[in-house]
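In case you want the letters, here they are:
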Amino acid sequence: MLSKNDILDELRAPDSHALRGRADAARREHCGEGVFLRGIVEFSNCCARSCRYCGLRRENRRLKRYRMSPAEIRQAASTLLRWGLRTVILQSGDDAHYTTAMLCDIIRDIKTDAPGAAITLSIGERPLEDYEAFREAGADRYLLKHETVNATLYDRIHPGQSHAVRMSIIERLRELGYQVGVGFLVGLPGQTAEDLAGEILFLQDFQPDMAGIGPFLPQADTPFADQQAGERETVLRLLALARIASPGTHLPATTALATLDPSEGFAAGLRFGCNVIMVNGTPDSYRASYRLYDKRVCADLESARRAIRLAGRTASLERGDSLRLQPAE
Ligand code: 5AD
């Protein structure tokens, strides 16, 4: 068990060498050498929310908006499956254009196409009944980042939303039997080292199936355009601490980390406890418009494999279900 002081000490230590070693050992014991490749389709960049850091926020008039049709979404998913990937992540802004029925149809179609594949939804906050409907239609996993455990900070940077609601949805997703992904931003304006320690304590307590951890990166058309990005070294230390605090949690080496360090970000993440890379399957014509932050670096199959090799690991095309569901060997 890590205490708050243990975590703060690691965040302040002169170097992260020993921490990396501990995280790498935990990763090896709990996840092995394989790095799961997952496919993601960002099917709509329309969003009803106003998150102050995010380029998709509804106030951003500069962004060219797009919505993929159900046929285009199925097509993109089937391309990922053809590449051999066995997880399809469907991600979008909070976009009510896609009704419950539309999304359930898409989920069922992909499942019919590939019964052995897992479907992850990452489509934000919806009416509670929807989560049940998606689950019944065949969705296996749901990714809803909590963004920050600091409720005051959360409410300040997410106008119109509430931390309490966010956390209650996350609990509900777990009750419904989803493999649940959470996640937080590192280096948000106003975030303290104590807040970051709180993130690790939360992971230790909640033991999520997945956690997405990446730096805050400024986007030019948001209120946070002129703020400092999160630090690479701090992100890596938090990944390592997450691996130690919640060893059976899938940790992707995130696109945001790779954007901060385009040449080695993915490989560095893998060395600091990560065991997943998400391969982008959004059609080229839309990809640049999914502008959460500027100069976003996405992984394709080739760059993912290169990073995995660089880190001395092996790519895995297994489904990579929750490590919490698997009996220990
Ligand atoms: N920097 C880093 N991550 C961001 N996200 C959105 N905007 C940014 C940003 N400026 C992430 C958030 C959110 C997801 C849609 O993308 O974590 O959950």
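Below you will find a few notes about this structure. Quick caveat: nothing in here was measured; it's all calculated off a predicted structure.

Turning next to the side chain of N275. Position of N275 relative to the elements: it lies in the loop between α11 (265-271) and β7 (276-280). With relative accessibility at 0%, the residue N275 sits in the buried group. Polar contacts involving the side chain of N275 include one to the side chain of H250, which spans 3.1 Å. The residues touching N275, leaving out its near neighbours within four places in the chain, are C31, G34, V35, F36, R243, T249, H250, L251, L270, R313 and L323.

The element strand β5 (residues 179-186) is largely enclosed, with a buried count of eight among its eight residues. Where burial is concerned, the two faces of β5 agree: the one with Q179, G181, G183 and L185 and the one with V180, V182, F184 and V186 are both buried. Here strand β4 (residues 141-143) runs beside β5; their pairing, made up of three bridges, is parallel. Looking across to β5, one finds that Y142 is bridged to V180. Relative to strand β6 (residues 210-215), β5 runs parallel, the two sharing six bridges. Bridging across to β6, G183 finds its partner in G212. On the question of chirality, the crossover connecting β5 to the parallel β6 by way of helix α8 (residues 193-206) is right-handed.

The next point concerns the environment of T249. You can see T249 is positioned in the loop between α9 (232-245) and α10 (255-260). Given a relative accessible area of 2%, T249 falls into the buried group. Put simply, T249 and L317 are 68 residues apart on the chain and 18 Å apart in space, counted from C-alpha to C-alpha.

Another aspect to go through is the pairing of strand β1 (residues 34-44). Counting buried residues along β1, ten of its eleven residues qualify, which places the element largely inside the surrounding structure. Judged from the three bridges that link them, β1 and strand β8 (residues 314-316) form a sheet pairing that is parallel. In the sheet register, V35 faces β8, and the bridge partner there is A315. Direction of pairing for β1 relative to β7: parallel, over a ladder of five bridges. Paired with R38 across the bridge in β7 is M278. Sheet topology places β1 next to strand β2 (residues 87-92); five bridges connect them, and they run parallel. Each bridged residue has a counterpart across the sheet, and for I40 the counterpart in β2 is I89. Note on the crossover from β1 through helix α3 (residues 70-82) to β2: the handedness is right-handed.

Tallying each qualifying case throughout the model produces six aromatic pairs. Note on Y131 and Y142: the rings are 5.2 Å apart at their centroids and 85° apart in plane angle, and the pair reads as edge-to-face. A residue pair is termed long-range when its members are at least 10 positions apart, and Y131 in helix α5 (residues 128-137) and Y142 in strand β4 qualify at eleven residues. Taken as a pair, Y131 and Y142 share a single burial class, namely buried. Note on F202 and F206: the rings are 5.4 Å apart at their centroids and 10° apart in plane angle, and the pair reads as stacked. Note that F202 and F206 are positioned in helix α8 at a spacing of four residues, about one turn of the helix. Since its relative accessible area comes to 14%, F202 is described here as buried.

Thresholds applied
- Residues numbered from 1 in each chain as written.
- Predicted model: local features only at pLDDT ≥ 70, side-chain atom pairs only at ≥ 80, totals over all residues.
- Heavy atoms only, no water.
- Helix = DSSP H or I, 4+ residues; strand = E, 2+ residues; numbered from the N terminus.
- Buried < 20%, exposed > 50% of the residue type's maximum accessible area, 1.4 Å probe, protein only.
- Polar contact = N/O pair within 3.5 Å; in protein donor to acceptor, adjacent residues only side chain to side chain.
- Contact = heavy atoms within 4.5 Å.
- Pairing = 2+ DSSP bridges.
- Right-handed = clockwise from strand over helix to strand, strands pointing away.
- Phe/Tyr/Trp six-rings, centres within 6.5 Å; stacked < 30°, edge-to-face > 60°.

Any functional reading would require information beyond the geometric quantities listed.
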